[in-house]
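Fold and geometry: a report
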Amino acid sequence: VQLQASGGGLVQAGGSLRLSCAVSGRTFGSYAVAWFRQAPGKAREFVAGLTWNGGKSYYADSVAGRFTISRDNAKNTVDLQMNSLKPEDTAVYYCAADWLGSGHPAEDVSEYEYWGQGTQVTVSS
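Residues numbered from 1 in each chain as written. Predicted model: local features only at pLDDT ≥ 70, side-chain atom pairs only at ≥ 80, totals over all residues. Heavy atoms only, no water.

At Asn76, a position not held by glycine, the phi torsion is positive, near 60 degrees. Inspection of the secondary structure assignment puts Asn76 in the loop between β7 (67–72) and β8 (77–82). The class of Asn76 is partly exposed, set by a relative accessible area of 25%. In the Ramachandran plot, Ser84 falls in the positive-phi region, its phi being about 50 degrees despite a non-glycine side chain. We classify Ser84 as partly exposed; its relative accessible area is 41%. (Helix = DSSP H or I, 4+ residues; strand = E, 2+ residues; numbered from the N terminus. Buried < 20%, exposed > 50% of the residue type's maximum accessible area, 1.4 Å probe, protein only.)

Next comes the structure, spelled out in structure tokens:
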């Protein structure tokens, strides 16, 4: 499985960005996917995850109500719509796929076998 993230950039606080992750390789519609982020000097943290069929989504408390994760199994993409961005959302964002899991996204980074290269999101105050 290969993942390619895109869509990061610089935005002012209160603005929006949409990240996209193109997935290739194994059958896309059979495993959970997620977005994580890592700020400088901090551990990588779970942001949002989606079940194998897109039926249920999960969010970190810090982004719930502002971010929306979605997947298109026909196009093999996973998107993260980020609204009402805050300076504390500044980080490198990574998409990830859990090929060996149950189909439900985990919050533990060690559960994910495949990772995209990361895309920088910077929110200015």
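Once that is clear, we can look at the packing of aromatic side chains. In this description, an aromatic ring pair is defined by two values, namely the gap between the centres and the angle between the planes. Counted by the stated rule, this structure contains six aromatic pairs. With a centroid separation of 5.4 Å and an interplanar angle of 75 degrees, the aromatic rings of Tyr31 and Trp99 are classed as edge-to-face. Residue Tyr31 is found in the loop between β3 (17–24) and β4 (32–38), and its partner Trp99 is found in the loop between β9 (91–98) and β10 (114–115); the two are separated by 68 residues along the sequence. Of the residues examined, Trp99 reaches a relative accessible area of 26% and is grouped as partly exposed. Three or more aromatic residues joined by ring pairs form one cluster here, namely Phe36, Phe46, Tyr94, Tyr112 and Trp115. The side chain of Lys56 reaches across the aromatic face of Tyr58, ending 5.4 Å from its centre. (Phe/Tyr/Trp six-rings, centres within 6.5 Å; stacked < 30°, edge-to-face > 60°. Lys NZ or Arg CZ within 6 Å of the ring centre and 35° of its normal.)

By the secondary structure assignment, Val11 is in strand β2 (residues 9–12). Separated by 75 residues in sequence, Val11 and Lys86 have C-alpha atoms that sit 9.4 Å apart. Among all residues touching Val11, those that are not within four sequence positions of it are Ser16, Leu17, Leu85, Thr122, Val123 and Ser124. (Contact = heavy atoms within 4.5 Å.)

Before going further, it helps to spend a moment on the pattern of salt bridges. Scanning all chains against the criterion turns up four salt bridges. One salt bridge in this structure joins Asp79 and Arg18, with 3.2 Å as the shortest N-O distance. Remark: Arg18 occurs in strand β3 and Asp79 occurs in strand β8; sequence separation between them is 61 residues. Of the residues examined, Asp79 reaches a relative accessible area of 14% and is grouped as buried. On the accessibility criterion, Arg18 (44% relative accessible area) is partly exposed. The partner of Asp89 in a salt bridge is Arg66, and the shortest N-O contact between them spans 2.8 Å. One end of the pair, Asp89, is in the loop between β8 and β9; the other, Arg66, is in the loop between β6 (57–59) and β7, and 23 residues separate them in sequence. The pair Asp89 / Arg66 is uniform in exposure class, with both members buried. Each of Arg37, Glu45, Arg66 and Asp89 takes part in salt bridges that share partners, so that together they form one network. (Salt bridge = Lys/Arg side-chain N within 4 Å of Asp/Glu carboxyl O.)

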